[in-house]
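Each chain is listed here by its residues.
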Amino acid sequence: MKLSTKGRYAVVALVHLARTQDSGVVSLGEIASSQQISSAYLEQLFLKLRKAGIVEAVRGPGGGYRLVKPSEDIQITQILEAVDEPMKAVTVRSGLSGASSGTREQSLANRLWEGLSAVIYVHLHNHSLSDVVNNRMDPCPAVPALLNFVDE
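These remarks concern the structure in this document. Position labels on residues start from 1 in each chain and follow its written sequence. Given that this is a predicted model, residues contribute local features only at a pLDDT of at least 70 and side-chain atom pairs are listed and counted only at 80 or more, while totals for whole chains, interfaces and linings are drawn from all residues. Where side-chain values are given, they derive from all heavy atoms of the structure, hydrogens and water being excluded.

### Quick word on the pairing of strand β2 (residues 64–67)
Line of reasoning, step 1. Pairing geometry for strand β1 (residues 55–58) and β2, over four bridges, is antiparallel. Bridge assignment links Glu56 to a residue of β2, and that residue is Arg66.
Line of reasoning, step 2. The hairpin turn running from β1 into β2, its antiparallel successor, is five residues long, and Gly60 in that turn takes a positive phi close to 95°. Paired strands, as defined in this entry, are two strands with at least two bridges between them according to DSSP. Counting from the N terminus, the helices are DSSP H or I runs at least four residues long and the strands are E runs at least two residues long.

What follows is the structure, given as structure tokens:
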């Protein structure tokens, strides 16, 4: 699975929003400059996040966005689904879209990829935005030092 910028930027933007919204609403300009993401791109993402009921807009001077519900009630899968991010190890256009596609060997191999997709989905569904914000992500036992944590 290759996560696109839509999914990665949506999660990063919402982590920023969750970490800073105690001081009120957060503008897209603040998120854009802080996270080095295009404002226009964030506008597209936040339109989808708003339609999905994850964020709400506050208009007027000092306006911006805030989470609709607490970060512990927002699963990562909800965020990715809101921005149309596929969570499958194999996409339909790859020619491997299920047991009836391609050759028998491809169909048999698809079961492996479908299982991987299920593991990916369960992992993302079992983690909330709050888990990410509060660094409650357990390292992978197979690769415990895969990523270094950056603390500003």
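Now that the structure has been shown, we can carry on.
### What about the packing of helix α1 (residues 5–20) against helix α2 (residues 28–35)?
Angle between the axes and distance between the axes are the two parameters that describe a pair of packed helices.
Line of reasoning, step 1. Two numbers describe how α1 lies on α2: the axes approach to 10 Å, and their chain directions differ by 115°. One way to sum up the angle between α1 and α2 is to call them roughly perpendicular. In this structure, α1 meets α2 at a crossing whose hand is right-handed. Along its contact with α1, which presents Val12, Ala13, His16 and Thr20, the element α2 presents Glu30, Ile31, Ser34 and Gln35.
Line of reasoning, step 2. Taken together, the residues that form the contact of α1 with α2 break down as three nonpolar, four polar and one charged. Comment: axis = line fitted to C-alpha atoms, over the contacting stretch for helices; angle = value between 0 and 180 degrees taken between N-to-C directions. Here the word oblique covers every angle except those under 35 degrees (roughly parallel), over 145 (roughly antiparallel) and from 65 to 115 (roughly perpendicular). A clockwise turn of the near helix away from the far one marks a right-handed crossing, whereas an anticlockwise turn of less than a right angle marks a left-handed crossing. Note on contacts: a residue pair is in contact if any heavy atoms of the two residues lie within 4.5 Å. All amino acids are sorted into three groups, where Ala, Val, Leu, Ile, Met, Phe, Trp, Tyr, Cys and Pro are nonpolar, Asp, Glu, Lys and Arg are charged, and the leftover types, Gly among them, are polar.

### A few points about a nonpolar patch on the surface
Line of reasoning, step 1. Without a salt bridge and with relative accessible area above 30%, a residue can belong to a patch; like charges are then joined within 9 Å and nonpolar side chains (Val, Leu, Ile, Met, Phe, Trp, Tyr) within 5 Å. In short, Shrake-Rupley with a 1.4 Å probe defines the accessible areas, and a residue's cover is counted only from the protein chains shown. Salt bridges are counted wherever a side-chain nitrogen of Lys or Arg sits within 4 Å of a carboxyl oxygen of Asp or Glu. Taken together, Leu112, Trp113, Leu116 and Val119 make up a surface patch of nonpolar side chains, about 370 Å² in accessible area.
Line of reasoning, step 2. By the secondary structure assignment, Val119 is in helix α5 (residues 104–125).
Line of reasoning, step 3. The cut-offs for exposure are 20% and 50% of the maximum accessible area for each residue type, with area from a 1.4 Å probe on protein chains only; residues under the lower value are buried, those over the upper are exposed, and the others partly exposed. Taking relative accessible area as the criterion, Val119 reaches 55% and is therefore assigned exposed.

### Some words on the packing of aromatic side chains
Line of reasoning, step 1. The pairing test for Phe, Tyr and Trp rings, Trp by its six-membered ring, is centres within 6.5 Å, and the orientation test on the planes gives stacked under 30 degrees, edge-to-face over 60, and tilted for anything in between. What the rule picks out here adds up to two aromatic pairs.
Line of reasoning, step 2. Taking the centre distance of 5.7 Å and the plane angle of 85° together, the rings of Tyr9 and Tyr41 count as edge-to-face. One end of the pair, Tyr9, is in helix α1; the other, Tyr41, is in helix α3 (residues 39–51), with 32 residues separating them in the sequence.
Line of reasoning, step 3. With relative accessibility at 27%, the residue Tyr9 sits in the partly exposed group.
Line of reasoning, step 4. Tyr41 sits in the partly exposed class, given a relative accessible area of 22%.

### Observations regarding the pattern of salt bridges
Line of reasoning, step 1. The full count for this structure, using the stated rule, is three salt bridges.
Line of reasoning, step 2. A salt bridge links Arg66 to Glu56, with the shortest nitrogen-to-oxygen separation between them at 2.6 Å. Separated by 10 residues along the polypeptide, Arg66 in strand β2 and Glu56 in strand β1 bring together distant segments of the chain.
Line of reasoning, step 3. Overall, Arg66 belongs to the partly exposed group, its relative accessible area being 36%.

### Re the packing of α2 against α3
Line of reasoning, step 1. Contact geometry of α2 with α3 gives a least axis separation of 9 Å together with a crossing angle of 125°. The angle between the axes of α2 and α3 places the two elements in the oblique class. Here the hand of the crossing between α2 and α3 comes out right-handed. Facing α2, whose interface residues are Leu28, Gly29, Ile31 and Ala32, α3 presents Ser39, Leu42, Glu43 and Phe46.
Line of reasoning, step 2. The class makeup of the residues in the contact of α2 with α3 is five nonpolar, two polar and one charged.

### Re α2
Line of reasoning, step 1. Within α2 the residues assigned to the buried category are Leu28, Ile31 and Ala32. Down the axis of α2, the buried set is contained in an arc of 100°. They therefore lie on one face.
Line of reasoning, step 2. Summarising the contacts, the buried residues of α2 are in contact with α1, α3 and β2.
Line of reasoning, step 3. Directly beyond the C-terminal end of α2, a positive phi value near 55° is found at Gln36. Working definition: the arc comes from the directions between the helix axis and the C-beta atoms, pointing outward to the latter.

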